[in-house]
Amino acid sequence: MILQEVVLCATAPQASGSGSGAIVLHDVQTGTSLASFKQSSSALHCTSFVETRDGQGGFILAAQQDKSILNVYNFQKDQLAFKIVLPERLSCIALDNAGSFCAGGTAQGRIYLWEVASGILYNSWDAHYRHVNVLKFTHDSAALISGSDDSGVSVWSVARLVDDDAQNELPTPYCTLSDHTLPVKDIVCGLGAFPTCRVLTASLDHSVKLWDLSSQSLLTTFHFPKPILSAVWDITERLFFAASPDGSIYQVNLFRQRTEKHAGQTIEAVGGAGVSDIIRIADEDSNSRKRLISVDQPITVLTISLTSSLLLVGTATGLIHIYDIASHQLLRTISTHKGMSISYLTTMLKPPDLVGHISLSLNLGSSADAKDIIPMRPVVPFHRMKDSKAREAHEVAMMLPVQDETPGGIPSAYDYPEAEFQRDYAFFVQPNAIGTSEASSARVAKLEAEVENLREQLGKAKGINDVMWETVVQKVMTQEKQKTVVEGQDTIVPGEGEAGDSVERPRKKSKIRSK
């Protein structure tokens, strides 16, 4: 099955613990472990990945929290592919959606930008005064957004950062979002091309702020009773969740229903008035309590499933809780990593070249043959310093587009029959409502047999009813005829008797009178 959603999580030792973490893929419906990549201990925002697509295998990058090493994994092997020695220890990393650029931040406020396919260090600059906590690319990879302990959020144009003519100049941000008062801990980019997209920023100053990059302005501030460490935004941008370290998760709806006299019920957006627009989310409010999820464990990271129906919560104790967004009901808990800390959590489609779970559509003899059908996306060790000669040469490995059929008549990994796609799509959207195809076929056959049996019984009952009806009708008709004949005879006889009596009575009276 290609349309199968999986959970990708990264673990790290707890503050008081020891040992090594891992990067693990789980089935989102059962919690079963599908693959594990060991020898990795990455902190918050220090793991990123690129999915398998466009005929190239995906990969995972994990910056180690105790050394200046970047671990590289690919989905076709459960072992470490290789290590990249970095200029210094990174506090956070980010990959753009295309897998072209990798950005890394440091505890000193510096940001590095590499090209993945060539390893060229395009730029490195002092972006903040203090620790860089989070880096995020926009969905079109046109901008890089950074959040720091200095309470600042900076937006950087990638085109300016890779411009050859501006290599000797200090990069200047496209804009700076400076309304927070305490460290910024999380950033969420909305859909849309830069700069028309919107951005959410979460901070320890108890607030989550909604920004519009096109106007470089603050739209709304949401104030919470507790510091906010992590946030996640629904893909339709209808609502977002904000989590505090003590285990409280707040749901904030960005649209509300209003009733007007003439227009009836209408839907309107919440906030948008600017700097002065502050929406307070209080624990005492009844509506806020309805939208509050209490985990009772320190929360480290949040994410939403691809179908926007599940909320996944990673905790500092190694548990992954899966909640139903509509009802806030806890559906299941993945406790495989108990004793560790969840440092990264996201969902994705199961890679067709995942080790141990190679897609049957590849028609491979063994897992080792997967690299022949889906070659690895090129990842080159990153340069530690700027090199103008490397920039001028700019040697990058290129992959030709995937063709309909590979040489030798072997179908590609992306051949998807219509019937199989429809079945997988139905399971992907409603996994609990639809079982396996075999169970469904057996159920249909059983129901059809039951319908035929009911039809046969109905025919017999109808025949019996018709016979009974005809018998009863004939009997009633016969009785009615006989009754009519008898009543006719009775009517004639009494008539004659009455006439005789009437003649005799006067005679008797006359005799009495004569005497």
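Cut-offs applied
Residue indices follow the written sequence of each chain, beginning from 1 at its first position. It should be noted that, the model being predicted, local features are given only for residues of pLDDT at least 70 and side-chain atom pairs only at 80 or more, the latter also being counted only at that level, while totals for whole chains, interfaces and linings use all residues. With hydrogens and water set aside, each side-chain value is computed from the structure's full complement of heavy atoms. In this description a helix means any DSSP run of H or I spanning at least four residues, a strand means any run of E spanning at least two, and both kinds are numbered starting from the N terminus. pLDDT gives the predictor's per-residue confidence on a scale running from 0 to 100. The contact definition used throughout considers only heavy atoms, calling two residues in contact when any of these lie within 4.5 Å. Only strands joined by at least two bridges in the DSSP assignment are considered to pair. To define axes, lines are fitted to C-alpha atoms, for helices over the stretch in contact only, and angles between the resulting N-to-C directions are given on a 0 to 180 degree scale. Salt bridge criterion: a side-chain nitrogen from Lys or Arg within 4 Å of a carboxyl oxygen from Asp or Glu. Type-normalised accessible area, obtained with a 1.4 Å probe on protein chains alone, sets the label of each residue: buried when under 20%, exposed when over 50%, and partly exposed for intermediate values. Classification of ring pairs rests on two measures: the distance between centres of Phe, Tyr or Trp rings, Trp counted by its six-membered ring, which must be within 6.5 Å, and the angle between planes, read as stacked under 30 degrees, edge-to-face over 60 and tilted in between.

A. Region of interest: unusual backbone geometry. Residue Pro195 follows Phe194 across a cis peptide bond; omega there is 5 degrees. Position of Pro195 among the secondary structure elements: in the loop between β16 (184–189) and β17 (198–203). Its identity is not glycine, yet Gln39 carries a phi of approximately 60 degrees, on the positive side. Within the secondary structure layout, Gln39 lies in the loop between β3 (33–38) and β4 (42–50).

B. Quick look at the confidence of the model for the chain. Confidence in the prediction of the chain, expressed as mean pLDDT, is 84, and 83% of residues score 70 or more. Across residues 405–413 the pLDDT falls below 50, and counting only partners more than four positions away or on other chains, this stretch makes 16 contacts in the model. Low pLDDT, under 50, characterises residues 495–515; the predicted model gives this stretch 0 contacts beyond four residues in sequence or across chains.

C. Highlighting the sheet that holds strand β11 (residues 121–126). Taking strand neighbours across the sheet as the criterion, the 4 strands line up as β8-β9-β10-β11 in an open arrangement whose pairing is antiparallel. Two strands lie at the open edges of the sheet, namely β8 (90–95) and β11, each paired on one side alone. Ignoring strand direction, the axes of neighbouring strands in this sheet form an average angle of 15 degrees.

D. Quick look at the environment of Ala159. Within the fold, Ala159 resides in helix α1 (residues 158–161). When the C-alpha atoms of Ala159 and Ala142 are compared, they prove to be 7.0 Å apart, with 17 residues separating the residues in sequence.

E. Geometry of the pattern of salt bridges. With the rule as written, the count across this model stands at 9 salt bridges. Measuring nitrogen to oxygen at the nearest pair gives 2.1 Å for the salt bridge that ties Arg391 to Asp164. Of this pair, Arg391 sits in helix α4 (residues 388–393) while Asp164 sits in the loop between α1 and β15 (175–177), placing them 227 residues apart in sequence. Take Arg391: its relative accessible area is 13%, and that puts it in the buried class. One salt bridge in this structure joins Glu452 and Arg455, with 3.5 Å as the shortest N-O distance. Here Glu452 and its partner Arg455 are both found in helix α6 (residues 437–514), 3 residues apart, which amounts to about one turn of the helix. Take Glu452: its relative accessible area is 48%, and that puts it in the partly exposed class.

F. Representation of the pairing of strand β31 (residues 340–349) within the structure. Taking burial as the measure, the 10 residues of β31 include 9 buried ones, the bulk of the element. Pairing between strand β1 (residues 5–13) and β31: 9 bridges, direction antiparallel. Looking at β31, one finds that Pro13 is bridged to Met340.

G. How the structure looks around the packing of aromatic side chains. Going through the model one piece at a time under the given rule, you end up with 9 aromatic pairs. Centre to centre, the rings of Tyr174 and Phe194 are 4.9 Å apart; their planes meet at 70 degrees, and the pair counts as edge-to-face. Taken together, the positions of Tyr174 in the loop between α1 and β15 and Phe194 in the loop between β16 and β17 put the pair 20 residues apart, joining distant regions of the chain. With relative accessibility at 18%, the residue Phe194 sits in the buried group. Here the aromatic rings of Phe224 and Tyr250 are separated by 5.3 Å at their centres, their planes lie at 50 degrees, and the arrangement is tilted. With Phe224 in the loop between β19 (217–223) and β20 (230–233) and Tyr250 in strand β22 (residues 248–253), this pair connects stretches of sequence that are 26 residues apart. Residues Phe224 and Tyr250 agree in their burial class; the two are buried.

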